[in-house]
Amino acid sequence: MKKALTNIRKGYGKKLVSIHMWNAWLVLFLALSGLLLVGGFWRELLGEGRVWLKWAHIAFGLVLLIPVIYYLLLAAKHWKRLKGKNGQKANVIFVLALLIGWIVSGVVLWQFRLAGPRAANTALFIHDLLTWVGLPVIIYHSITRVKWLKEPKKRSIVPEPVTSANGASASNDEQKQPGAAHVQQPMYTRRGFIKVAVGAGLAVTLGPTFVRWIGKSFQLPGTADYAANNANTLIPDPIPLADSAPPIGGGAEGNFRVYTVTDIPAFDNSSWSFTIDGLVDKKFTWNWEEFVKLQREVQVSDFHCVTGWSVYKNTWEGLPLSKLLDLAGVKSQAVMVKLYSGDGVYTDSLTLAQARMEDVMVAVMHDGKPIPNQLGGPVRLVTPQMYAYKSVKWLNRIELIAEDHVGYWEQRGYDKDAWLPGANRV
Ligand SMILES: Nc1nc2c(c(=O)[nH]1)N[C@H]1C(S)=C(S)[C@@H](COP(=O)(O)O)O[C@H]1N2
Ligand SMILES: [Mo]
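Model, not experiment: these values are computed from the prediction.

## Some words on the site of ligand 1
In step 1: Around ligand 1 there are 21 residues in total, and Arg-257, Tyr-259, Asp-343, Arg-380 and Lys-393 lie nearest to it.
In step 2: The side chain of Ser-341 places a nitrogen or oxygen atom 3.2 Å from a nitrogen atom of ligand 1.
In step 3: Within the side chain of Lys-393, a nitrogen or oxygen atom sits 2.5 Å from an oxygen atom of ligand 1.
In step 4: In isolation ligand 1 has 530 Å² of accessible area, and contact with the protein removes 100% of it.

Below, the structure is given as structure tokens:
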């Protein structure tokens, strides 16, 4: 009878240890892959790997459910054992809330098409928030626990009940004694000291960086900050229409995340031109002075990235793409509009019907100001009914072609179908 009890205990303790270990490895993988995915810096380098990494991140995120559910099945027992240890109870609740929050917001991001951009936007905020709060705690936890691994009797999750009653060295053979009473070590001074020392060390070395990091993630630079650092030097400035200044949309809500797969280019009057060619009746190449004289229009629209962030109520001023197509005259053989970026690398395409949608715009101004170079200025495409990978930055050439063209991200695994849920597909 006694023996059976010990075996159960032993099995249970071992289970907790292995849950903890699997969970730790999963979280490590998810943290690393997540940081690679969120960092704009890695976009060019990862290329197609980015899409694979995203699928791996989602898959392992779902696998994380296994240790969480498994733990929940054992939770009642573990909870009893934590009786009186409020610190550890709080820690368990914190970790569970963190993991469940990550999983739920992650599922919404994974199912972004079902969820729609509003929900994806909220989920991304929560996913990020939990990362910036949870990761430092987990890193701290891991560093302090490494010491404990070498001194197993000081851990709160033990493979078997520790049996030393006097606080003296609990050796391995002691742990093998069957049926001995479970006595938790009261010896917390050294552990406490290590914790405080590591905590203080981390706070001093990483603290300031971390605070700046958090600040940045919650207060991303606004369009005004980019406008202030606009590296384009095109003259003259386009003069905003009355609807642009002040912007009829009331000013954009949300923050763009600067994405690029090259170094961020900047242009001046000598390095910039805009061409429409291919299967057209009349090919055009405008320089900047000519281009700013073309009649612009104003629209207010939302901007959604497929990774979950959105910027609402943008007041864009520019040329409806359909007007440019009419100006050049599209030949009957043409079926696709190929869009080129002045970065020399990024391209995408629209069908003629898509290109003629009234809100597809070759934009020159945002909220009454020239589009800053970091956000794709002097001229970028906006495609309000499609995810923003269609909205080619530094747009400088439109070519009418007779066959399909697969865009930069679509070549690397993004969906050819970029329509937002609820869009008026054409
Ligand atoms: N030339 C170019 N255009 C681009 C991209 C890019 O990497 N290069 N990224 C696309 C993606 S995925 C998005 S979400 C938007 C981001 O626009 P922003 O950098 O102005 O926020 O630009 C799109 N257009
Ligand atoms: Mo995007």
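## Observations concerning helix α4 (residues 65-81)
In step 1: Across its 17 residues, α4 extends 23 Å between first and last C-alpha, which sits within 8% of the 24 Å expected from 1.5 Å per residue.
In step 2: Approximately 55 degrees is the largest bend angle found in α4, and it occurs at Ala-75.
In step 3: Turning to α4, its buried residues number three or more, namely Pro-67, Val-68, Tyr-71, Leu-74, Ala-75 and His-78.

## Brief notes about the packing of aromatic side chains
In step 1: Within the structure shown, the criterion is met by 19 aromatic pairs.
In step 2: For the pair Phe-256 and Trp-316, a centre-to-centre distance of 6.3 Å together with 65 degrees between the ring planes defines the contact as edge-to-face. Of the two residues, Phe-256 is situated in the loop between α9 (223-228) and β1 (273-278) and Trp-316 in strand β4 (residues 310-320); the sequence distance between them amounts to 60 residues.
In step 3: Exposure remark for Phe-256: the relative accessible area of 4% places this residue in the buried category.
In step 4: Here Trp-272 and Trp-288 contribute two aromatic rings whose centre-to-centre distance is 5.3 Å and whose plane-to-plane angle is 85 degrees, an arrangement assigned as edge-to-face. Of this pair, Trp-272 sits in the loop between α9 and β1 while Trp-288 sits in helix α10 (residues 288-291), and the two are 16 residues apart along the sequence.

Rules used throughout
- Residues numbered from 1 in each chain as written.
- Chains lettered and ligands numbered in written order.
- Predicted model: local features only at pLDDT ≥ 70, side-chain atom pairs only at ≥ 80, totals over all residues.
- Heavy atoms only, no water.
- Near = heavy atom within 4 Å.
- Polar contact = N/O pair within 3.5 Å; in protein donor to acceptor, adjacent residues only side chain to side chain.
- Areas by Shrake-Rupley, 256 points an atom, 1.4 Å probe, with all protein chains shown as cover.
- Helix = DSSP H or I, 4+ residues; strand = E, 2+ residues; numbered from the N terminus.
- Expected span 1.5 Å × (residues − 1).
- Bend = angle between axes of the 7 residues up to and from the residue.
- Buried < 20%, exposed > 50% of the residue type's maximum accessible area, 1.4 Å probe, protein only.
- Phe/Tyr/Trp six-rings, centres within 6.5 Å; stacked < 30°, edge-to-face > 60°.

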